[in-house]
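Geometric and topological summary
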Amino acid sequence: MSDQTKMIRGQEWLEKLLKLAAIPSTVTAEPSPEGLAEPGSYWLTVEEKHLTPQQIELLIGPDGAVIDAIQYLANSILNIGQEEDQQASYTIELQGYRVRRQAELREMADRAAQQVRQTGQEFEMSALSAAERRQVHTFLKECEDLETYSRGQEPDRRLVVRLR
């Protein structure tokens, strides 16, 4: 399956979901912006120009819970039955939420790294989704003096940063 086919599959799936939710909107699909995701992943952006503020708020949800759930569904459903080399990773974006959240996560990761280096004590980050924990792991894997791992069980799983 080509990259173009994977992007179109994601785009069509999300547009159909929005239509079924009575929030019809168009979706643009493109390779994920460099530095925000791994190569081979796709960014599905919901066009907001015809959405009301209430619809946008509903789709993002409290603390991004709804947009995270939609993203989880997209990744699960679109990859069911696909060979590993045919699977894709999709990020759902609306009104710049993901870009803002990425910046917040980067700042949180930097603060955690700084605190661990200063104190020598491990630092736990809670209240992150599985996707957000993966992003922080990715941000900090470039730090040779630090390691990260997850501790606990959902819904109380936490990311731990510590010195190697």
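As a reminder, the structure under discussion sits directly above these lines.
About the cut-offs
- Residue numbers restart at each chain and count upward from 1, following the sequence in its written direction.
- Given that this is a predicted model, residues contribute local features only at a pLDDT of at least 70 and side-chain atom pairs are listed and counted only at 80 or more, while totals for whole chains, interfaces and linings are drawn from all residues.
- With hydrogens and water stripped out, all remaining heavy atoms of the structure feed into the side-chain values.
- Only DSSP runs of H or I covering at least 4 residues are called helices, and only runs of E covering at least 2 are called strands; the numbering of each starts at the N terminus.
- Residue exposure (1.4 Å probe, protein chains only): buried if accessible area is under 20% of the type maximum, exposed if over 50%, otherwise partly exposed.
- Contacts were defined at the residue level, with two residues in contact if any of their heavy atoms lie within 4.5 Å.
- Reported accessibility uses the Shrake-Rupley method at a 1.4 Å probe radius. Residues are deemed covered only where the shown protein chains occlude them.
- Note on pairing: DSSP must find at least two bridges between two strands before they are called paired.
- To define axes, lines are fitted to C-alpha atoms, for helices over the stretch in contact only, and angles between the resulting N-to-C directions are given on a 0 to 180 degree scale.
- Polarity classes work like this: nonpolar for Ala, Val, Leu, Ile, Met, Phe, Trp, Tyr, Cys and Pro, charged for Asp, Glu, Lys and Arg, and polar for all others, with Gly in that last group.

**Observations regarding the overall build of the protein chain**
- Scanning the protein chain from N- to C-terminus turns up five helices and six strands.
- A burial count over the protein chain gives 35% of its 164 residues as buried.
- Contacts spanning at least 24 positions in sequence make up 54% of the contacts within the protein chain whose residues lie at least 6 apart.
- Looking at the protein chain as shown, the accessible area adds up to about 9,900 Å², and 51% of this sits on carbon and sulfur atoms.

**So, the pairing of strand β3 (residues 89-93)**
- The buried count for β3 comes to four of five residues, which makes it a mostly enclosed element.
- Where strand β2 (residues 41-46) lies against β3, five bridges are found, and the strand directions are parallel. Looking across to β3, one finds that T45 is bridged to E93.

**Describing the packing of helix α2 (residues 53-60) against helix α3 (residues 65-79)**
- Orientation of α2 relative to α3, taken along the N-to-C sense of each, is 60 degrees, at an axis distance of 4 Å. Contacts between α2 and α3 involve L58, L59 and I60 from the first element and A65, V66, I67 and I70 from the second.
- In terms of residue class, the contact of α2 with α3 is built from seven nonpolar, no polar and no charged.

Take it as geometry only, folks, not as evidence of what the structure does.
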